[in-house]
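A look at the structure
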Amino acid sequence: MTHFPISALRSVDLDTPDLQRSEQFYTSVWGLDLVTRHEGVTYLRASGTDHHVVALQQGDRPALRAITFRLHSDAEFETIAAASVKHGATLLSGPAPNPGPDGGTIMSIRAPGGGVLRFVHGDLQHAEAPSSANRPTRLAHVNINSTAVDDLAAFYEQALDFRLTDRSKIMAFVRCNSDHHAIVIADAAVNGLNHVAFLMPDLEAVMRGSGRMIDAGFPIAWGVGRHGPGDNVFAYFIDPVGIVIEYTAEVLQVDDSYVVRGPAEWVWPPGRTDHWGIAPPKADHVKAAQTAIGYADGSAA
């Protein structure tokens, strides 16, 4: 297997116009647990070992503040900083001791097209929580919108040493470990957040979690179905402030022998939107929600 300097997608930082409501939703309905509140930020964990998978902060509007990746070693900071700047990013800070409760060493850049990416090493981790039939274990992927999909995919490959796994007509899928994708880049008229996907233990957990969401008054926005690239099961929802989130499971595991497929090979029969043929067409209000969330700092270029 190729050596990846970035070992995993760890967490997302999200702005919300109603911090109390968002915290209540993610802990009482979505299935995360409160870790701590620190300097105005609420840190929430899944059942896996990551210190947190979501950090919520009060903002004027819902927005993506940052995506955080875990590095394989401290030695990767210098390499990634230099390569990122070379390929069009801006170094914002670090590497330096992380002032957040997750600790370790942290570095931040602004990627081409906007959006903050953070890299951490030596961060605190938890023991795994008891297994649950319907609780997320970690983040699965973050899907971001871009006006220049192939350029941004090239940045992830050239600066961050990701690998392109598949390219559909409107999306590029890139990975930093054996998961088929950690970042998905979607063709859009705006730059920003499309959705955040949370990994569930299995298909049964996706279904049970979806039932819990429906019971709480949050209908399935799209799905349940099985994606093409990645072959993962999905159910999409919209959180109380308008952020699209996904339960997913059974993400395809790949290695260096995987053959990248292009747009001509990722084509559905007419009327079909997933492998099973049971997911209905995505509603207009869901499509609108997937392009409504920008970057917290307003960066778009």
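What counts and how
Residues numbered from 1 in each chain as written. Predicted model: local features only at pLDDT ≥ 70, side-chain atom pairs only at ≥ 80, totals over all residues. Heavy atoms only, no water. 1 Å grid on protein atoms, 1.4 Å probe; cavity = no way out; pocket = protein on both sides within 12 Å on 5 of 7 lines; lining within 4 Å. Points joined across faces, edges and corners; volume = space filled by probe spheres on them. Helix = DSSP H or I, 4+ residues; strand = E, 2+ residues; numbered from the N terminus. Expected span 1.5 Å × (residues − 1). Buried < 20%, exposed > 50% of the residue type's maximum accessible area, 1.4 Å probe, protein only. Arc of directions from axis to C-beta.

**So, empty space enclosed by the protein**
Inspection of the entire model under this criterion finds one cavity of 30 Å³ or more. There is about 70 Å³ of room inside the largest cavity. The wall of the largest cavity is formed by L64, A66, I67, A111, G114, G115, V116, L117, I144, L152, Y156 and Y295. Elements with a minimum of two residues in the lining of the largest cavity: β5 (63-71), β8 (116-121) and α3 (149-160). Ranked by residue count, the leading element in the lining of the largest cavity is β5, at three residues.

**Brief notes about α3**
Between its first and last C-alpha atoms α3 spans 16 Å; for 12 residues at 1.5 Å apiece the expected length is 16 Å, and the two agree. Among the residues of α3, those classed as buried are V149, L152, A153, F155, Y156, A159 and L160. Considered in projection along α3, the buried side chains sweep an arc of 155° and stay on one side of the axis. Where α3 terminates, the next one or two residues include D161, which has phi positive at roughly 65°.

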